[in-house]
Structures are given as C-alpha cells and as structure tokens.
Amino acid sequence: MSKQKIVSGMRPTGKLHLGHYLGVIENWVNLQYDYDCYFFVADWHALTTKYDKTEDLSQNVLEVAMDWLACGIDPDISTIYVQSQIPETAELNIYLSMITPQTWVERDPTLKDMAKILKTKEGANTQISYGLMGYPVLMSADIMTFNASVVPVGNDQLAHLEITRDIARRFNNIYKTENGTAFFNEPAPKLTQIPLLCGLDGSKMGKSFNNDIKISDDEQTTTKKIMQAVTDPNRIKRDDLGDTDKCEVAYKYWQIFGDIDTVATVKCECEKGERGCADCKKQLACVINAKFAPIREKRRYYEEHIDEVKLILEKGTQKARVEAQKVLSEVRKLVKMY
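So, how was this worked out
Residues numbered from 1 in each chain as written. Predicted model: local features only at pLDDT ≥ 70, side-chain atom pairs only at ≥ 80, totals over all residues. Heavy atoms only, no water. Helix = DSSP H or I, 4+ residues; strand = E, 2+ residues; numbered from the N terminus. Contact = heavy atoms within 4.5 Å. Areas by Shrake-Rupley, 256 points an atom, 1.4 Å probe, with all protein chains shown as cover. Lys, Arg positive; Asp, Glu negative; His and termini not counted. Charge placed at Lys NZ, Arg CZ, Asp CG, Glu CD. Buried < 20%, exposed > 50% of the residue type's maximum accessible area, 1.4 Å probe, protein only. Arc of directions from axis to C-beta. Pairing = 2+ DSSP bridges. Right-handed = clockwise from strand over helix to strand, strands pointing away. Axes fitted to C-alpha atoms, helices over the stretch in contact; angles between N-to-C directions. Parallel < 35°, antiparallel > 145°, perpendicular 65-115°, else oblique. Nonpolar A, V, L, I, M, F, W, Y, C, P; charged D, E, K, R; others polar. Polar contact = N/O pair within 3.5 Å; in protein donor to acceptor, adjacent residues only side chain to side chain. Phe/Tyr/Trp six-rings, centres within 6.5 Å; stacked < 30°, edge-to-face > 60°.

Engineer: Residues and numbers for the overall build of the protein chain, please.
Structural biologist: Secondary structure assignment for the protein chain yields 14 helices and 5 strands. Counting only C-alpha atoms and orienting by the principal axes, one finds that the protein chain spans roughly 75 × 45 × 40 Å. Within the protein chain, counting contacts between residues at least 6 apart in sequence, those at least 24 apart form 78% of the total. As displayed, the protein chain has an accessible area near 17400 Å², and 51% of this comes from carbon and sulfur atoms. Of the side-chain charges in the protein chain, 44 are positive and 48 negative, and the distance between the mean point of each set is 3 Å.

Engineer: Can you tell me about unusual backbone geometry, naming the residues and giving the values?
Structural biologist: Here the phi dihedral of N147 falls at roughly 50°; this positive angle occurs in a residue that is not glycine. When its relative accessible area of 16% is taken as the criterion, N147 is described as buried. Phi at N210 is positive, roughly 55°, even though this residue is not glycine. Checked against the element boundaries, N210 lands in the loop between strand 5 (188-191) and helix 10 (219-226). According to the relative accessible area criterion, N210 is exposed, its value standing at 70%.

Engineer: Tell me about helix 11 (residues 250-257), residues and numbers included.
Structural biologist: By the burial criterion, the buried members of helix 11 are A250, Y251, Y253, W254 and F257. Considered in projection along helix 11, the buried side chains sweep an arc of 155° and stay on one side of the axis. Among the structural elements, helix 1 (18-31), helix 10, helix 12 (260-271) and helix 13 (277-304) are those in contact with the buried residues of helix 11.

Engineer: Describe the environment of K291, naming the residues involved and giving the relevant values.
Structural biologist: Structurally, K291 can be placed in helix 13. For the pair K291 and Y135, spaced 156 residues apart in sequence, the C-alpha separation works out to 36 Å. In contact with K291, not counting residues within four places along its chain, are Y21, E26 and F257.

Engineer: Requested: an account of the pairing of strand 5, with residues and values cited.
Structural biologist: Sheet analysis places strand 4 (residues 150-153) next to strand 5, joined by 4 bridges and oriented parallel. Directly across from V153, in strand 5, lies its bridge partner L191. With helix 9 (residues 158-174) bridging strand 4 and its parallel neighbour strand 5, the resulting β-α-β unit is right-handed.

Engineer: Describe the side chain of T231, listing the residues and the values that go with them.
Structural biologist: In this fold, T231 is placed in the loop between helix 10 and helix 11. Of the residues examined, T231 reaches a relative accessible area of 16% and is grouped as buried. Leaving out residues up to four positions away in the same chain, T231 has contacts with K246, C247, E248, A250, C277 and K281.

Engineer: Explain the packing of helix 2 (residues 43-50) against helix 8 (residues 135-144) residue by residue, including any values.
Structural biologist: The geometry of helix 2 relative to helix 8 is characterised by a closest axis approach of 11 Å and an angle of 175° between their N-to-C directions. The angle between helix 2 and helix 8 falls in the class roughly antiparallel. In this structure, helix 2 contributes W44, H45 and T48 to the contact, and helix 8 contributes Y135, L138, M139 and D142. Taken together, the residues of the contact of helix 2 with helix 8 break down into 4 nonpolar, 2 polar and 1 charged.

Engineer: Pulling in residues and values, what's your account of the environment of R169?
Structural biologist: Tracing the chain through its elements places R169 in helix 9. Owing to a relative accessible area of 30%, R169 belongs among the partly exposed residues under this scheme. Each C-alpha atom of the pair R169 and E186 lies 6.7 Å from the other, and the pair is 17 residues apart in sequence. Reaching out from R169, the side chain makes a polar contact with the side chain of D166 at a distance of 3.0 Å.

Engineer: Outline the packing of aromatic side chains, supporting the account with residue identities and numerical values.
Structural biologist: Inspection of every chain in the model, using the stated rule, returns 12 aromatic pairs. A centroid spacing of 5.1 Å and a plane angle of 75° characterise the contact between Y21 and F292, whose relative ring orientation is edge-to-face. With Y21 in helix 1 and F292 in helix 13, the pair connects residues that are 271 residues apart, well separated along the chain. Accessibility classification places Y21 together with F292 in one group, the buried group. Note on W28 and F39: the rings are 4.3 Å apart at their centroids and 10° apart in plane angle, and the pair reads as stacked. Note that W28 is positioned in helix 1 and F39 in strand 2 (residues 36-41), a separation of 11 residues in sequence. Three or more aromatic residues joined by ring pairs form one cluster here, namely Y21, Y253, F257 and F292.

As far as function goes, none of this settles anything; it's purely spatial.
This is the structure we're talking about:
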C-alpha cells in the first residue's frame, strides 16, 4: 500500500531558529517515516513581502536546506526541492487563480496577518501587491501540484488550509473526470501540537526582532543569548523568592528543554530563593547546547560540503518535477487546454 503524500514548505528568510525546529522541523522528521513527504524551500513565497530584497535569497535557500538536513530531514526518504524550480506549480497556480473567487482570497487569515505585518514594518500607506494577494492560491497550488492527501498544521492554521480544500472541491466540480470521480484530493489536516517558543525578550521569536537563538549558533553565542533571557522581574537579589509563573522566558525554556525531574528542581529552588537567575540560565544554556550539539556538528559538515547540498536540492527537484508533471498533465486534459 502506497503512503499518503504530505507537502509542506518554509520561506527562506535566513538561518532558522529554535522556534522553527520545535514548531515545524522536529515534526517533519517524525512524519517522513510514515508518509511520502515533499518539503520545499518556498522562494517564490519569499517574494510576496520581500520582492525588493533578494540579494541573499539564493544563499538563504541553501541555509534553510542545511538546517533541514542537519536536523534530520533525510533526502533518501523525503523529497527536498526548491519551489521556483517547479514550473508546473506556476502553471497550476494560473488555472486555480481563474476559478478562485476574490472573496475567498480576501478572507484568508494568513493573508490578513501578512498584510498587517507588512504595513506595520513599511508604513500604513504600503500597497499590497498582486502577488501577496494571490498568496493563498499559490499555497494551494504548492499542495495540489502533488495532489497531497495530508498537510501538517497547527490548530491556528486550520482556516488557512480550508481555502485549499475549497479550491480543490471547486476544481473537481467544474472539471469532471471521465468516470465522474474527483481528481484532486481535499487535503486533510495533520494536526500537530506545536510547542510555542517565545523570543528571549518574551515576545514572538523572530530574526527581525533580534531575539532568537539560531539552530546554527555555536555554544558561546547560545550561552550569551540565554544570559539575556527575561526572568522574574521582581527578583533583585540571588536569595529573593522567585515566582516561576512570572519568569517570562527562562522557566518556559526549561519546561521545553528540561526533563521532568530537572524542571521540578528548578521550580523548587527558584521559589525558595536557592537558585540565582544567572546560574539558572547558565545551566539552561548547557542543556540547550547539549541537545543541539549533534545537529550543529552535522550542519558544519554541510557548510564545508556545500556542493553536496546543491546536489541534494537538484536531485530532489528532479524527482519532484516528475511527480508534478504527472499531475499537471491530467489537469491540462481536464481543463481541455490545447
């Protein structure tokens, strides 16, 4: 019995951080053994908000690929490819855009969030590009290019996936197969419990906020960053009684990266004033560095063998194109293109 197909991607914005690892990559690594996985570097999607900042785009594609490989995405099991190297997705995007009502696009919550962030960064008078408006349709084309059955999402992304299901259903209603069956799958969500890792300042972790820890950071850099993490603001002296519920960052990190016994010890010692914040964060840095040591070692290997990374992307893209061409060939027949 063939495995169900999963498609998921990530925009190349530079080296990935621990939030990406916990929220997405770790889940992908587990899924690849049970599903036929297609993971793509979404360089077209990067243009939706940064079309005028492409000087690092090609390098960022490699940075993302190296992080994936270092974290355990296996190119012998999963298909890793570059979105812009699959022209079939662009053609399918055209067909889907023709049948997608404008109101469907405008109500997409992710599009609204992206537009809001863009206006916050660039100014209230910033114009939303046609490409950004079409983001939900292109996302649907990414998934439908391989006629995926499943898409891994968190609960907050369910509405985002629903437009793909709507578009697939509409295509099937308009373009009938000979035996009357639906051609496209309506991809089901694969719900994931994504641990939220906040930034060092307690807000959302992000490169642009300068509050992240990168997967590729060395031990010294990681430790330096952890020492900046927010703790209980009411603790002034080492022996002050702490409140872990008010420890905005450090204790939350402990709950994610520490084992049950260690977390219990940290909580007890903090609340009794037996653990200083500086010592606590030094120990936390050691735990995080130990966890990511093998990943970082593997990443250094790929940094020194960049041609191997390029070859992996090339082979993955070739494999992805073969599958994409099968789907698009049927789509062209159904649409009755010349």
